[in-house]
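Examination of the molecular architecture
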Amino acid sequence: MSKPEVIRTRNFVRDAAEFILQQAHAALGERNEFRLALSGGNTPRPIYQELAKIGSDLPWERVFITFSDERCVPPDDDKSNFRMARESLLHPAAVPERSVARLRGELDPQVAAQEYEEQLEVLAAQKGEMVFRHDLVLLGLGDDGHTASLFSGTAALEESVRKVVANFVPKFDAWRLTFTYPLIGHARRVCFLVDGNKQQELLAKVLEPDAPFPASRVNSLATDVTWIIGEAAA
Ligand code: 6PG
């Protein structure tokens with residue numbers, strides 16, 4: 001586990017999209033597939049739009065897309081992370097449906113988490129892996145230091161065995177579906193996408209060693225971590 005790589009850029013959207021594309025080409029070159037977990041929220045939307053443009057000639061049939069978390073809503077709900085990804089990337093890049101594993105937010109949360117975890121287990125077993133290994137897991141940073149749907153004080157933070165869980169988030173009085181640290185930590189690389197509008201003082205604290213935020217804990221997992229941070233317009 002090395003120190004996280006921190007990239008600060010004024011060309012946040014373009015640099016983030018190019019980073020993902022470069023990771024895709026590397027994985028496809030080495031293993032003929034690219035396993036990518038998309039993060040949700042608002043920050044990734046323009047990055048996914050850019051990726052759809054500059055990655056139009058990617059062999060999307062050899063890309064496998066998962067979601068690092070999802071709200072417990074139907075896929076056409078405006079809060080759905082899947083809907084945001086479909087509008088900004090999946091549809092514009094004509095990603096084949098069989099290349100996408102959607103977290104079914106419309107189901108009972110426990111059922112949705114269980115079925116997703118089983119889906120990843122089957123795919124891992126097909127490759128002789130004990131745990132499904134993403135090539136790249138994208139994550140965001142919440143204003144409270146959460147990432148995916150790993151919020152301070154919630155049960156999912158303590159999950160050390162399961163890879164995908166339903167997590168009740170008191171601040172929203174709502175269930176979420178989320179990757180756990182064991183699954184995130186098994187990725188070849190994690191990349192946080194943090195635009196320049198984020199509170200800079202929060203960001204400085206989150207990047208401190210052993211900081212007490214859910215996002216910070218990713219830095220101490222076994223995976224390589226890159227932070228791509230947009231510099232606020234002057
Ligand atoms: C979600 C996300 C969440 C997000 C952060 C940042 O489902 O909301 O996965 O972890 O990445 O909350 O969200 P913004 O990009 O909207 O600031």
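Heads up: the structure comes first, above all this text.
Residues numbered from 1 in each chain as written. Predicted model: local features only at pLDDT ≥ 70, side-chain atom pairs only at ≥ 80, totals over all residues. Heavy atoms only, no water.

Remarks on the packing of aromatic side chains
The line we're drawing: Ring geometry is summarised as follows: Phe, Tyr and Trp rings, the Trp one being its six-membered ring, pair when their centres sit within 6.5 Å, and such pairs are stacked at plane angles under 30 degrees, edge-to-face over 60 and tilted between the two. A positively charged side chain is recorded as over a ring if its NZ (Lys) or CZ (Arg) lies within 6 Å of the ring centre. The angle to the ring normal must also be within 35 degrees.
In this structure the tally under the stated criterion is five aromatic pairs. The lysine or arginine in question, Arg-35, covers the ring of Phe-132, its NZ or CZ lying 4.3 Å from the ring centre. Over the face of the ring belonging to Phe-82 we find Arg-102, whose NZ or CZ atom lies 5.6 Å from the ring centre.

Here we look at the sheet that holds strand E2 (residues 34-38)
Note the following rule: Pairing between strands is defined by DSSP: at least two bridges between them are needed. To qualify as a helix, a DSSP run of H or I must reach at least 4 residues; to qualify as a strand, a run of E must reach at least 2; elements of each kind are numbered from the N terminus. A fitted line through C-alpha atoms represents every axis, and for helices the fit uses only the stretch in contact; the resulting angles, taken between N-to-C directions, go from 0 to 180 degrees. Pairs of residues are marked as contacts when any of their non-hydrogen atoms sit within 4.5 Å.
Strands sit in the order E1-E9-E8-E5-E2-E3 across an open sheet of six strands; the sheet is parallel. Looking at which strands have only one partner, the edges of the open sheet turn out to be strand E1 (5-9) and strand E3 (63-67). Taking the axes of each pair of neighbouring strands and ignoring which way they run, one obtains an average angle of 20 degrees across the sheet. As paired elements, strand E8 (residues 189-194) and strand E9 (residues 224-230) share six bridges and run parallel to each other. Paired with Val-190 across the bridge in E9 is Val-225. Set on the sheet, helix H1 (residues 12-31) makes contact with E1, E2, strand E5 (136-139), E8 and E9; between it and E9 the angle comes to about 155 degrees.

Brief notes about the site of the ligand
Basically, it comes down to this: Nearness is judged by heavy atoms alone; a residue qualifies as near a molecule or strand once a single heavy atom is within 4 Å of it. Polar contacts, as used here, are pairs of N or O atoms within 3.5 Å; protein pairs need one atom able to donate a hydrogen and one able to accept it. Residues neighboring in sequence count only if both atoms are side-chain atoms. Areas reported here follow the Shrake-Rupley algorithm with a probe of radius 1.4 Å; residue values treat only the protein chains shown as occluding.
Lining the immediate surroundings of the ligand are 15 residues, of which Thr-43, Asp-69, Arg-71, Ala-148 and Lys-198 lie closest. Here an oxygen atom of the ligand sits 3.5 Å away from a polar atom, N or O, in the main chain of Gly-40. Within the backbone of Ala-148, one N or O atom sits 2.6 Å away from an oxygen atom of the ligand. Taken by itself the ligand offers 410 Å² of open surface, and the protein chains cover 88% of this.

Thoughts on the sheet that holds strand E4 (residues 69-71)
The strand order E4-E7-E6 describes an open sheet built from three strands, whose pairing is antiparallel. The sheet is open, and its two edges are formed by E4 and strand E6 (164-169), each paired on a single side. Adjacent strand axes in the sheet meet at a mean angle of 25 degrees, parallel and antiparallel pairs treated alike. The sheet contact formed by E6 and strand E7 (residues 174-179) spans six bridges and is antiparallel.

Re the environment of Glu-129
Rule in force here: Note on classification: 1.4 Å probe, protein chains only; a residue is buried when its accessible area is under 20% of the maximum for its type, exposed when over 50%, partly exposed between these limits.
With respect to the element layout, Glu-129 can be found in the loop between helix H4 (109-126) and E5. With relative accessibility at 22%, the residue Glu-129 sits in the partly exposed group. Along the chain, Glu-129 and Asp-143 lie 14 residues apart, while their C-alpha atoms are 35 Å from each other. Glu-129 has contacts with Arg-35 and Ala-124, leaving out every residue within four places of it along the chain. Side-chain polar atoms of Glu-129 contact the side chain of Arg-35, separated by 2.9 Å. At 3.4 Å, the side chain of Glu-129 and the backbone nitrogen of Arg-133 are in polar contact.

Description of H4
Definition in use: Multiplying 1.5 Å by the residue count of a helix minus one yields the expected span of that helix.
The end-to-end C-alpha distance of H4, which contains 18 residues, comes to 26 Å, matching closely the 26 Å that a straight helix rising 1.5 Å per residue would cover. Where H4 is buried, its residues contact E3, E6, E7 and helix H5 (181-185). Two to three positions downstream of the cap, the backbone nitrogen of Gln-110 sits 3.0 Å from a side-chain oxygen, assigning the N-cap of H4 to Asp-108.

A short note on the environment of Phe-82
Inspection of the secondary structure puts Phe-82 in helix H3 (residues 81-90). C-alpha separation for the pair Phe-82 and Phe-67, spaced 15 residues apart in sequence, amounts to 7.7 Å. Ignoring anything within four residues of it in the chain, the contact list for Phe-82 reads Phe-67, Glu-70, Pro-75, Leu-90, Val-100 and Arg-102.

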